[in-house]
Amino acid sequence: MPEQHRTATGVLGGLLGFLGLSVAAGVLVAATVTPALAVTSIATKSTISVFDSLPDYLQLDELAQKSNIYAVDSAGAPVLLASFYQQNRIEVGWDQISQFVKDAAVSAEDPRFYEHGGVDLMGTARAVLSNFKGGETQGGSSITQQYVKNVLVQKAEAITDPAKMKAAYEEATKATPDRKLKEMRMAIGLEKSYGKQDILRGYLNIAGFGGRVYGIEAAANYYFGVSAANLSLDQAATLVSIVNNPETLRIDKPDREVNGAADGYSLTLDRRNYVLNHMLKEGKITQEQHDAAIALPITPAINPPSTGCQTAQSNAGYFCDYVTHVFRNNPIFGDTEDARWANFTRGGYDVYTTIDLELQDAAQNAINEYIPHTSDQLDVGAVAVTVQPGSGRILAMAQNKQFSADEDTLANPDYSAINYNTDKEYGGSAGFQPGSTYKTFTLAEWLKEGHGLNEGVDGRKRTPWGTFKDSCADGGTVYQGSDWNPGNDEGGNGGFYTAAQSTKLSINTGFIAMAKQLDLCGIRKTAEAMGVHRADGDPLQQGPASVLGTNEIAPLSMATAFASFASGGVTCDPIAIDKVVKPDGTEIPVPPANCRQGLEPNVAATANKALQATFDGGTTSQSRVGDGIPLIGKTGTTDNNEATWMSGASTKAATIVGVFNASGHVNLRRTYFDGTQIAVIRHSIWPQIMAVANAKYGGDRFGDADPALVNGKSVQVPDVRGKSIDEAQKLIEDAGFGFLNGGVVDSELPNGQVTGSDPAGLAPKGSIVTVTTSNQSMAIVPDVGGAKSFDEAKALLNQAGFGTVAQVCKAEPGAGAGKITGIDPPAGTAAKRDAKVTVSVSKEAC
């Protein structure tokens, strides 16, 4: 190297360093020679005592390694979604490292590695003297010492408290004689506990190779696209050369003016050749191998690792991001968020997730087919999430935006870091109103309270709706005034509806009337028991308007609830992780699904009967799949048609699809994509996803409805025959039934009188009772058997209102001449007044 001109300060610093390291070297000499020779004076005894008092034990913690998130394909093979790390490292064993690498490290860094006991005194003295004299700068540390320093740095970087981490890092790297002395002492102690192979392997696994690349395996992968075992001689020498000054000698910065592609990575090339020369000198390679390697240029083949969720395939970035939030949030992975995240990014975990890539592709493709990333018409959002009933496993999680957490990338509106499917705490938004899909919890509470699907309510539009029971509110009730007057999607003033009808046609006023007979707090608790909560973390609201779905809820929560219905009432927390495997092959605990009975099985089965009917002429008819797999479903549309939902399930997969305003207030029924009303696009996306789910997982029939909950509570229908229509209506409604005027029918009763009701006798409470009135077009056929002649019988019939009377003569032996023997229609029955009445007379009278 060219002669260096040194300043007075530099000379003084070099002198002090020389003196300090000379003292250290002297101590080591004194400490390592035969005790009889070493203990020759009080001063020497004192020096040895000081050295012996230094710690010589170094705990070798697990190295920071990158963690990988995997999906599993249909063949059961793991598919890498993304990697995370503070240090990109893959720890490998002795036999997984090329011999070229081992020989290069020893030859260039510590030729007497296999001879010394942790500290190379000759090398240290040579380095100190060379540095002091201004010659070539040399490092005096043995490989063992370098390993010790790297271990201490690793320990510092593993501390989550920033101030403590900084202090520990400075302590591990400060250039002082006392730090060097401690390092030497620990190196000697390390050599007493570990063999040379273990130390060299540990050094090669811990060493930095520039940027966030650590360890020989990650370096081989990153810089050359090969494993550490398959490195060629020139590649091995290049990587070992980088260790000397990682940031300066790294070869992934081709645009650098110095040590870039233009100058052939000149600095690294010089150091690589230095390594090759020393390998030749130490007899590790032949002259021919040396010359061939020297002649080769440095040609990196950079292979960036799959870093972060933005690289996840199948656009599974949002699911991947959800997994990372599980690690951040769940205390099963550590006591604090910082500790949990550090464990994940340093732990070298292999995380095997629940996502089904085939179903994920189907969900993403369906959204991509109908919904753009962005639109000039509105800030459009679209999601699809599928959960497995009975296990809580998340099978798919798709969105119309592409995922990125990079601030520069997020300037492009096609990208977002917000996961619309999840709670805010898990990287999501503050949630979206689910609209009428929330009515399912009123249905469930209705059945839990013993009401039936066939029970009816007065669902006529009204204002004010008045008092509702709310046991969670002060006073136990809430009053809904005239400022709230919801209507129904089909318009009109509503009417009387059974719970089954209200569910099938999604009648707002029907569900509000049902809620009037329930406890609003009970409806909220039923939703909570089925896994529903607000996305912003606040408690669910339970006012009357909440019955129609005004709480902001994440789609994943609604998928959990529909999975509960589909599994016979079993509610499982959504889970994204099947298992986590540490580098040593052991597994660590993962968040459980906590499956429990969120809804009674008979209630779930009966609710499913109503939810299945929505596909038969109900609001979900446009989402029929047509493969014979039984399905339950419910639609939802919010005020001003700003969000639209299709939610449903088979017994094997529960899927929620939403198309909505991510922000803003655009009416989706007045807005179109490619000629299709945006509000109905949910009915195109949902069946495409469920068709794939059904083909893969199948589906069983849902459980049988509870007959008692189909009919509900039965009570006696009042007998209103002969009453006026107004009297009949009052009697029926006072008894708790819905009233329906069935119009005029033929009857013998006076005009306008009630002829009867349907049903009559016992009927489910709240049933719709249809009442008909008489038009008096009929009369009761009189008994004319006592008439002495046909003419007398005819007169009686005419008097009863029958104008057409005929006689028929019959031979009736023993009947007597001219006697009346029969009449049709029979006496005592009602018949139309204009009907023909036939009188039978004995033969003798014909």
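Data block above holds the structure.
Now for a description of the structure that goes with this document. Predicted model, so just to flag it, every value in this text is computed and none were measured. (Residues numbered from 1 in each chain as written. Predicted model: local features only at pLDDT ≥ 70, side-chain atom pairs only at ≥ 80, totals over all residues. Heavy atoms only, no water.)

**Focus: helix α17 (residues 357-370)**
- The end-to-end C-alpha distance of α17 is 20 Å, a good match for the 20 Å that 14 residues give at a rise of 1.5 Å each.
- Along α17, the residues that are buried comprise Leu357, Leu359, Gln360, Ala362, Ala363, Gln364, Ala366 and Ile367.
- As for α17, its buried residues are in contact with β1 (67-72), β2 (78-84), β3 (350-356), β4 (379-387), β5 (394-399) and α24 (682-697).
- Among the residues of α17, the N-terminal cap falls to Asp356, whose side-chain oxygen and the backbone nitrogen of Glu358 are separated by 2.9 Å. (Helix = DSSP H or I, 4+ residues; strand = E, 2+ residues; numbered from the N terminus. Expected span 1.5 Å × (residues − 1). Buried < 20%, exposed > 50% of the residue type's maximum accessible area, 1.4 Å probe, protein only. Contact = heavy atoms within 4.5 Å. Polar contact = N/O pair within 3.5 Å; in protein donor to acceptor, adjacent residues only side chain to side chain.)

**Brief notes about the sheet that holds β1**
- Reading across the sheet, the five strands line up as β2-β1-β3-β13-β14 and stay open at both edges, with mixed pairing between neighbours. A strand with exactly one partner marks an edge of an open sheet, and here the two such strands are β2 and β14 (587-588). (Pairing = 2+ DSSP bridges.)

**Some words on the state of the cysteines**
- This structure, assessed with the given rule, holds three disulfides.
- Between the sulfur of Cys309 and that of Cys320 lies a disulfide, 2.1 Å long from S to S. Judged by the sign of its S-S torsion, about -75°, the cystine formed by Cys309 and Cys320 is left-handed. Here Cys309, found in the loop between α14 (287-294) and α15 (317-329), pairs with Cys320, found in helix α15; they are eleven residues apart in sequence, far enough to count as distant.
- Relative accessible area serves as the criterion here: at 4%, Cys309 is assigned to the buried category. (Disulfide = S-S within 2.5 Å.)

**Some words on the sheet that holds strand β22 (residues 738-745)**
- Overall, mixed pairing links the three strands, which are arranged β22-β25-β23 in an open sheet. Of all the strands in the sheet, the pair left with one neighbour each is β22 and β23 (754-758). On average, each strand axis in the sheet is tilted by 25° relative to the strand beside it, whichever way the strands run.
- Inspection of the sheet shows β23 paired to strand β25 (residues 768-774) by four bridges, in the antiparallel sense. The residue of β25 that forms the bridge with Ser757 is Val771. (Axes fitted to C-alpha atoms, helices over the stretch in contact; angles between N-to-C directions.)

**Some details on the nonpolar core**
- In this structure, Leu81, Phe327, Val351, Ile394, Phe441, Val532 and Ile577 are the most contacted members of the largest nonpolar core, which totals 87 residues.
- At eight residues, the largest contribution of residues to this core is made by helix α22 (residues 555-566).
- Setting aside chain neighbours within four positions, we find Val532 in contact with Tyr438, Phe441, Ala527, Leu540, Ile553, Ser557, Met558 and Ala561.
- Judged by nonpolar contacts, the second largest core, of 54 residues, contains Ala105, Met186, Ala236 and Val275. (Core = buried A, V, L, I, M, F, W, Y, C linked by side-chain atoms within 4.5 Å.)

**Notes on unusual backbone geometry**
- Here Thr463 and Pro464 are connected by a cis peptide whose omega angle stands at -5°.
- Its place among the elements puts Pro464 in the loop between β8 (456-460) and β9 (466-469).
- The amide bond that connects Asp824 to the next residue, Pro825, takes the cis arrangement and shows omega of 5°.
- Structurally, Pro825 is set in the loop between β28 (820-824) and β29 (830-832).
- For Tyr265, which is not glycine, the phi torsion reads 55° and is therefore positive.
- You can see Tyr265 is positioned in the loop between α12 (246-249) and α13 (266-281).
- The class for Tyr265 is buried, based on a relative accessible area of 5%.
- We note that Ser506 has phi near 55°; this positive angle belongs to a residue other than glycine.

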